[in-house]
Amino acid sequence: MQVVETIGEMRHVVAEHRGRGKSVALVPTMGALHEGHLTLVDEARRVADIVVMSIFVNPLQFAPSEDFDRYPRTMEEDSASAAARGVDFLFTPVREEIYPEQAPVVLVHPGSVGKEWEGAVRPHHFEGVLTVVAKLFNIVMPDVAVFGQKDLQQVAVVKRMVRDLNFPVGILMAPIVRESSGLAMSSRNRYLSAKDRELGLILSRALFAMRDAFAKGERRASALEAIGWRMLERVVGLTPRYLAAVNADTFQRVNNVRHGDAAVGAIRVGETRLIDNIIF
Ligand code: AMP
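Reading the values: rules and limits
Residues numbered from 1 in each chain as written. Predicted model: local features only at pLDDT ≥ 70, side-chain atom pairs only at ≥ 80, totals over all residues. Heavy atoms only, no water. 1 Å grid on protein atoms, 1.4 Å probe; cavity = no way out; pocket = protein on both sides within 12 Å on 5 of 7 lines; lining within 4 Å. Points joined across faces, edges and corners; volume = space filled by probe spheres on them. Nonpolar A, V, L, I, M, F, W, Y, C, P; charged D, E, K, R; others polar. Axes fitted to C-alpha atoms, helices over the stretch in contact; angles between N-to-C directions. Helix = DSSP H or I, 4+ residues; strand = E, 2+ residues; numbered from the N terminus. Parallel < 35°, antiparallel > 145°, perpendicular 65-115°, else oblique. Left-handed = near helix turned anticlockwise from the far one by under 90°. Contact = heavy atoms within 4.5 Å. Near = heavy atom within 4 Å. Polar contact = N/O pair within 3.5 Å; in protein donor to acceptor, adjacent residues only side chain to side chain. Areas by Shrake-Rupley, 256 points an atom, 1.4 Å probe, with all protein chains shown as cover. Core = buried A, V, L, I, M, F, W, Y, C linked by side-chain atoms within 4.5 Å. Buried < 20%, exposed > 50% of the residue type's maximum accessible area, 1.4 Å probe, protein only. Pairing = 2+ DSSP bridges. Right-handed = clockwise from strand over helix to strand, strands pointing away.

A. The arrangement of the layout of surface pockets in detail. Of the volumes computed, that of the second largest pocket is approximately 250 Å³. As for the second largest pocket, its lining consists of 17 residues, of which F56, V57, R73, M75 and P93 are closest to the centre. Counted by class, the lining of the second largest pocket contains 11 nonpolar, 3 polar and 3 charged residues.

B. Focus on the packing of helix α8 (residues 194–215) against helix α9 (residues 221–234). At a minimum axis separation of 9 Å, α8 and α9 run at an interaxial angle of 155°. Relative to α9, α8 is oriented roughly antiparallel. Here α8 runs over α9; the crossing is right-handed. For the pair α8 and α9, the contacting residues are I202, L203, R205, A206, A209, M210, A213 and F214 in the first and L224, E225, I227, G228, M231 and L232 in the second. When grouped by side-chain class, the residues that make up the contact of α8 with α9 number 11 nonpolar, 1 polar and 2 charged.

C. Molecular detail of the site of the ligand. If you check the shell around the ligand, you find 17 residues, and the closest are M30, G148, D151, V177 and M185. Interatomic distance of 2.9 Å between a backbone N/O atom of V177 and a nitrogen atom of the ligand. Here the ligand has 490 Å² of accessible area as a free molecule, and 93% of this is covered by the chains. Going through the elements one at a time, β2 (24–29), α2 (35–47) and β5 (144–148) are the ones with two or more residues in the shell around the ligand. Of all the elements, α2 adds the most residues to the shell around the ligand, at 3 residues. Grouping the constituent residues of the shell around the ligand by class yields 9 nonpolar, 6 polar and 2 charged.

D. Inspection of the nonpolar core at higher detail. Core analysis: the largest hydrophobic core is formed by 48 residues, its most contacted members being M10, V52, F91 and F137. Of the residues forming this core, the biggest block, 10 residues, is contributed by helix α6 (residues 125–140). When sequence neighbours within four positions are dropped, the list of residues in contact with F91 reads V4, E5, T6, I7, M10, V52, M53, S54, I55, I98, L136 and I139. In terms of nonpolar packing, the next biggest core, distinct from the first, is built from 27 residues, L203, A213, M231 and L238 among them.

E. Looking closely at the sheet that holds strand β7 (residues 238–246). On the basis of which strands lie adjacent, the open sheet formed by 3 strands has the order β7-β8-β9 and antiparallel pairing. Each of the sheet's edge strands pairs with one partner strand only, and the pair in question is β7 and β9 (272–279). Neighbouring strand axes in the sheet, compared pairwise and without regard to direction, differ in orientation by 10° on average. By the bridge criterion, 8 bridges tie β7 to strand β8 (residues 262–269) in an arrangement that is antiparallel. Looking at the pairing, L243 lines up with G265 of β8. In the packing of α9 onto the sheet, the strands contacted are β7 and β8, and the crossing angle to β7 comes to about 165°.

F. Spotlight on the sheet that holds strand β3 (residues 50–55). In space, the 6 strands of this open sheet follow the order β1-β4-β3-β2-β5-β6, with parallel pairing throughout. Both outer strands of the open sheet, β1 (2–4) and β6 (170–174), are each paired with one neighbouring strand and no more. Looking at each pair of strands side by side, their axes are set apart by 25° on average, direction ignored. Sheet topology note: the β2/β3 ladder contains 6 bridges and is parallel. Bridge pairing in β3 links V24 to I50. Along the sheet, helix α1 (residues 7–19) contacts β1, β2, β3 and β4 (89–91); its crossing angle with β4, the most-contacted strand, is approximately 155°.

G. Fine view of the environment of T239. Here T239 shows up in strand β7. A relative accessible area of 33% places T239 in the partly exposed class. Remark: the alpha-carbon pair of T239 and P100, spanning 139 residues in sequence, is separated by 38 Å. Excluding residues that lie within four positions of it along the chain, T239 makes contacts with I267 and R268.

H. Here's a closer look at the pairing of β2. Of all 6 residues in β2, 6 are buried; the element is thus mostly enclosed. Side chains V24, L26 and P28 project from β2 onto one buried face, and the interleaved A25, V27 and T29 project onto a second face that is buried too. Read as a crossover between parallel neighbours, the route from β2 over α2 to β3 is right-handed. Where β2 and β5 come together, 2 bridges link them in parallel fashion. Bridge pairing in β5 places A25 opposite V144.

In short, shape yes, function no, at least from these values alone.
Written out as structure tokens, the structure reads:
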């Protein structure tokens, strides 16, 4: 595995491989790698000859009140796990490489797909995500990019950006990797105490209960949401933020749930926000 720190070198190595007819997959991450990130690498390996992983904690997608400064940065371990999993190029630009000025003047606005749920709780989050993803696409010029279902609304806004702005990139989504308890793996899980972890579990349980009720025939979104809400509300020590049945492409709430729709949820446990989802 080769570590690449500059845009110039990244473009150069990719151009070289493309010239030899190789296809390229990109796995964008913010590091603090866990098995969830590494399965994206497996998926990338499956579909392309060359796998590029980027590690960049993107300041633009954090609000001033959020955890940008204390976000876990574990570059040495990340580099070892990426290499062991078969990443060919690890792109690790410093902030000034991606944002030579304080902030870009032109940003990618997510529109209606990014308005509700995570978009409502974190007002400029998806604008920051899409802007950096657009930059990474223009730097790496991958044939495909692999994202995790863990951030389902992110997948929806990225797919929509690709469609609306004609990026020549295929978007693949890999399933959520969970701990044996059911908790969705996340770089932020390392903020959780043992007790908070226990509390956080209720989010996946609520979503699974909604999926079970759907499997038994319930189709009314309000009834499914009520099943999940009741479970979240019973637990002292966490704050539910949202729990809703949505269309997985538009992220508009649905009234009647169909196969392929999603239930998305977010809670706060102590200072930590957890998100999760299931696809019906
Ligand atoms: P992050 O480093 O949190 O920005 O995540 C980078 C990529 O890894 C995103 O596409 C996430 O959706 C994906 N990802 C994070 N956690 C998981 C997980 N538990 N299962 C699958 N994908 C994940």
